[in-house]
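Given next are the chains, with one letter for each unit.
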Amino acid sequence: YLDRDGGGGGGDNCELGKMISVQHAERVVNLLDSTCNVIYGGKHHDIQERFVAPTIVEANADSTIMKEEIFGPLLAIVTVPNLDAGIQFVNTHFTSKG
């Protein structure tokens, strides 16, 4: 579950699984800390328990969070001026991983 503050804290009622390791939880939280604008969440992390709260961030195209696979409960949003710019952004910045 989530609360209105973007947490839930990983308590008994939380249905979000833990990160694979403490090191990975630290990496994800460090990425969040380096992100300019947290829109939702970004609080209530417990690295030792491997819990990272779901978080939505505004990012730019050159940020690490947009270039690497994160494997965490993060959603990065890039603002574009219109649909055509959005299509161009996707076509020039993302490639198939498979």
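Report on the accompanying structure. (Residues numbered from 1 in each chain as written. Predicted model: local features only at pLDDT ≥ 70, side-chain atom pairs only at ≥ 80, totals over all residues. Heavy atoms only, no water.)

Considering unusual backbone geometry
Alright, step 1. Positive phi outside glycine occurs at R50, with the angle close to 65°.
Alright, step 2. For R50, the location among the structural elements is in the loop between strand 1 (37–40) and strand 2 (55–58).
Alright, step 3. Although it is not a glycine, F71 adopts a positive phi angle of roughly 55°. (Helix = DSSP H or I, 4+ residues; strand = E, 2+ residues; numbered from the N terminus.)

Considerations on the pattern of salt bridges
Alright, step 1. Scanning the model with the defined rule gives two salt bridges in all.
Alright, step 2. In this structure, the salt-bridge partner of R27 is E68, at a minimum N-O distance of 2.6 Å. One end of the pair, R27, is in helix 1 (residues 22–33); the other, E68, is in the loop between helix 2 (64–67) and strand 3 (74–77), and 41 residues separate them in sequence.
Alright, step 3. According to the relative accessible area criterion, E68 is partly exposed, its value standing at 40%. (Salt bridge = Lys/Arg side-chain N within 4 Å of Asp/Glu carboxyl O. Buried < 20%, exposed > 50% of the residue type's maximum accessible area, 1.4 Å probe, protein only.)

Quick word on the layout of surface pockets
Alright, step 1. If you add up the space inside the largest pocket, you get close to 150 Å³.
Alright, step 2. As for the largest pocket, its lining consists of I65, M66, E68, I70, F71, G72, L74, L75, A76 and F94.
Alright, step 3. Mapped by element, the contributors of at least two residues to the lining of the largest pocket are helix 2 and strand 3.
Alright, step 4. The leading source of residues in the lining of the largest pocket is strand 3, at three residues.
Alright, step 5. Of the residues assigned to the lining of the largest pocket, the class counts are eight nonpolar, one polar and one charged. (1 Å grid on protein atoms, 1.4 Å probe; cavity = no way out; pocket = protein on both sides within 12 Å on 5 of 7 lines; lining within 4 Å. Points joined across faces, edges and corners; volume = space filled by probe spheres on them. Nonpolar A, V, L, I, M, F, W, Y, C, P; charged D, E, K, R; others polar.)

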